[in-house]
Amino acid sequence: APVALNVYDAMDTGPMRALNKVLRGAGTGLFHCGVEVHGREWSFCKHGVFSVEPQTFYPEAFVEALPMGDTLVSEEAFCIFVGRHTAEWDGKTY
């Protein structure tokens, strides 16, 4: 299954998007990312691990999708893995 890193501006504001355009030219910026795999986008924030429809975390702040290759892990095995580790990755560790 294909895997992509979906990149968003860290805050959905015009000034942040403008700042990131400048900073990106220097190889940096303030971004949020989600990993898209098996038709869901997985991410981590102060609320813990969650998933959304791909590229919808902040649609207006979406910057790009970076292909990361393919995984041989089945959707079932991936969901079991995330389920087992979600308690470890709660919002307190953010």
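Draft legend 1. Expanded view of the side chain of Asn6. Within the fold, Asn6 resides in strand 1 (residues 2–9). A polar side-chain atom of Asn6 sits 3.0 Å from a polar atom in the side chain of Glu36. One polar contact links Asn6 to Glu41, side chain to side chain, over a distance of 2.9 Å. For Asn6, the contacting residues outside a window of four places in its chain are His32, Cys33, Gly34, Glu36, Glu41, Pro54, Gln55, Phe62, Glu64 and Ala65.

Draft legend 2. Region of interest: the pattern of salt bridges. Counted by the stated rule, this structure contains two salt bridges. Between Arg24 and Glu64 there is a salt bridge whose closest N-O contact spans 1.8 Å. With Arg24 in helix 1 (residues 14–25) and Glu64 in strand 5 (residues 62–70), this pair connects stretches of sequence that are 40 residues apart. On the basis of relative accessible area, Arg24 is assigned to the partly exposed category, the value being 39%. On the accessibility criterion, Glu64 (21% relative accessible area) is partly exposed.

Criteria and thresholds
Residues numbered from 1 in each chain as written. Predicted model: local features only at pLDDT ≥ 70, side-chain atom pairs only at ≥ 80, totals over all residues. Heavy atoms only, no water. Helix = DSSP H or I, 4+ residues; strand = E, 2+ residues; numbered from the N terminus. Polar contact = N/O pair within 3.5 Å; in protein donor to acceptor, adjacent residues only side chain to side chain. Contact = heavy atoms within 4.5 Å. Salt bridge = Lys/Arg side-chain N within 4 Å of Asp/Glu carboxyl O. Buried < 20%, exposed > 50% of the residue type's maximum accessible area, 1.4 Å probe, protein only.

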